[in-house]
Every structure is written in C-alpha cells, then in structure tokens.
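Each chain, letter by letter, is given below.
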Amino acid sequence: ATEGAFRTADGVDVALRIWTEKHNAHKTDWAMASLKQAFRWDEDRWGRVYDLEQFNVVVVDDFNMGAMENKSLNVFNSRLVLATPETATDYSYESVQGIIGHEYFHNWTGNRVTLNTWFHLTLKEGLTVFRDQ
C-alpha cells in the first residue's frame, strides 16, 4: 500500500492508504496527493472535518464500475486514478483529482444516509457535484 497521512483541523492524524496490485503501486502518488487536497478543500471550503482515523482507497484493474464510495473506503477502477508522467496527460491528472475528490466528498453527501428512492440518489450525486465544483 501507498501510505500517507493528513492532520485535520481538529488535530487528528488520519492514516491514508491506497491499496493496489503490485504492478500499479508506482502509479499512486498523484492519487494520494489528490486525496490530501480533497481533505483540505472540504475543511477549508465547507468546514467539514473528517471524523475517523483512517481512510482507504482500493484500486483494481478489473472493477466493473468506475468508482464506489463507502465510509472510509473508496474503490476505483485503476484506469480512473492511476497516473505517471510517462503515461498521463495534464487532462488525466485533472481527471484523477476530480474523481478522487468526488468520491471522498460523498463522505458528507451520501454515506451518512440510506437512500430509499431514485430521487435521493439524484440528490446525493447532485450535492456532491455541487461541492466538487
């Protein structure tokens, strides 16, 4: 795993980990930097301080969806969040940053409620898109 840390505005150290297959481990640096930026943005812009002591990202080559958010665990298809200077464009880096941020932001707009209608899903995604703009 690629490991990092983020100290919240409340002084709590959050352990950050990105789990991936061995052959992709060298491609996770920008995803980690983007995750830290998302934590900071949520605090600075919205006053939302992360409330657990760990956050995990799992990246797999054969995940059948783009991404999925859970409390303290996001799962991504590797094509969406892995980047190296040798293989990625500026647009790729921007996309990684946006996708990592979007799924992290679901921590406050989506993961704290149980959806019981498609309207709630639309609301959850809409609020998250609003926040990540």
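The structure this text deals with has already been given above.
Just so it is clear, the structure is predicted and the values come from calculations on it, not from any experiment.

Novice: I'd love a proper account of the pairing of strand β1 (residues 2-7), names of residues and values included.
Specialist: Of the two faces of β1, only one is covered, namely that formed by Thr-2, Gly-4 and Phe-6; the face formed by Glu-3, Ala-5 and Arg-7 stays uncovered. The antiparallel pairing of β1 with strand β2 (residues 13-20) creates a hairpin that spans five residues between the two strands, and Gly-11 there sits at a positive phi of about 85 degrees.

Novice: Account for the packing of aromatic side chains, naming residues and giving values.
Specialist: With the rule as written, the count across this model stands at nine aromatic pairs. Centre to centre, the rings of Trp-30 and Tyr-93 are 5.5 Å apart; their planes meet at 70 degrees, and the pair counts as edge-to-face. With Trp-30 in helix α1 (residues 29-46) and Tyr-93 in helix α3 (residues 90-105), the pair connects residues that are 63 residues apart, well separated along the chain. Residue Trp-30 is classed as partly exposed on the basis of its relative accessible area, which comes to 24%. Aromatic side chains Tyr-50 and Phe-55 sit 5.7 Å apart centroid to centroid with 80 degrees between the ring planes, which places their arrangement in the edge-to-face category. In this pair, the class of Tyr-50 matches that of Phe-55, namely buried. One aromatic cluster is present, built from ring pairs that chain together Phe-6, Phe-39, Tyr-50, Phe-55, Tyr-104 and Phe-105. One Lys or Arg, Arg-45, reaches over the ring of Trp-46 and ends 4.3 Å from the middle of that ring.

Novice: Could you give an account of the pattern of salt bridges, with specific residues and numbers?
Specialist: Taken as a whole and assessed by the stated rule, the structure comprises three salt bridges. Put simply, Asp-13 and Arg-7 hold a salt bridge, and the shortest N to O gap is 2.8 Å. The class of Arg-7 is exposed, set by a relative accessible area of 51%. A salt bridge links Lys-71 to Asp-51; its shortest N-O distance comes to 2.7 Å. One end of the pair, Lys-71, is in the loop between β4 (67-70) and β5 (73-77); the other, Asp-51, is in the loop between α1 and β3 (54-60), with 20 residues separating them in the sequence. Since its relative accessible area comes to 30%, Lys-71 is described here as partly exposed.

Novice: Please provide a residue-by-residue account of the nonpolar core, values included.
Specialist: Of all hydrophobic cores here, the largest spans 25 residues; its most connected members are Leu-16, Leu-35, Phe-39, Phe-55 and Tyr-104. Broken down by secondary-structure element, the contributors of at least two residues to this core are β2, α1, β3, α2 (78-81) and α3. When residues no more than four places from it in sequence are discounted, the contact partners of Leu-35 are Leu-16, Phe-55, Val-57, Ile-100 and Tyr-104.

Novice: With reference to specific residues and values, describe unusual backbone geometry.
Specialist: One non-glycine residue, Ser-72, adopts positive backbone phi at about 70 degrees. Tracing the sequence through the fold places Ser-72 in the loop between β4 and β5.

Novice: So what's going on with the packing of α1 against α3? Residues and values would help.
Specialist: Contact geometry of α1 with α3 gives a least axis separation of 9 Å together with a crossing angle of 50 degrees. Classified by the angle their axes make, α1 and α3 are oblique. Note on packing geometry: the crossing formed by α1 with α3 is right-handed. Contacts between α1 and α3 involve Trp-30, Ala-31, Ser-34, Leu-35, Gln-37, Ala-38, Phe-39, Trp-41 and Asp-42 from the first element and Tyr-93, Val-96, Gln-97, Ile-100, Gly-101, Tyr-104 and Phe-105 from the second. Counted by class, the contact of α1 with α3 contains eleven nonpolar, four polar and one charged residues.

Conventions we followed
- Residues numbered from 1 in each chain as written.
- Predicted model: local features only at pLDDT ≥ 70, side-chain atom pairs only at ≥ 80, totals over all residues.
- Heavy atoms only, no water.
- Buried < 20%, exposed > 50% of the residue type's maximum accessible area, 1.4 Å probe, protein only.
- Helix = DSSP H or I, 4+ residues; strand = E, 2+ residues; numbered from the N terminus.
- Pairing = 2+ DSSP bridges.
- Phe/Tyr/Trp six-rings, centres within 6.5 Å; stacked < 30°, edge-to-face > 60°.
- Lys NZ or Arg CZ within 6 Å of the ring centre and 35° of its normal.
- Salt bridge = Lys/Arg side-chain N within 4 Å of Asp/Glu carboxyl O.
- Core = buried A, V, L, I, M, F, W, Y, C linked by side-chain atoms within 4.5 Å.
- Contact = heavy atoms within 4.5 Å.
- Axes fitted to C-alpha atoms, helices over the stretch in contact; angles between N-to-C directions.
- Parallel < 35°, antiparallel > 145°, perpendicular 65-115°, else oblique.
- Left-handed = near helix turned anticlockwise from the far one by under 90°.
- Nonpolar A, V, L, I, M, F, W, Y, C, P; charged D, E, K, R; others polar.

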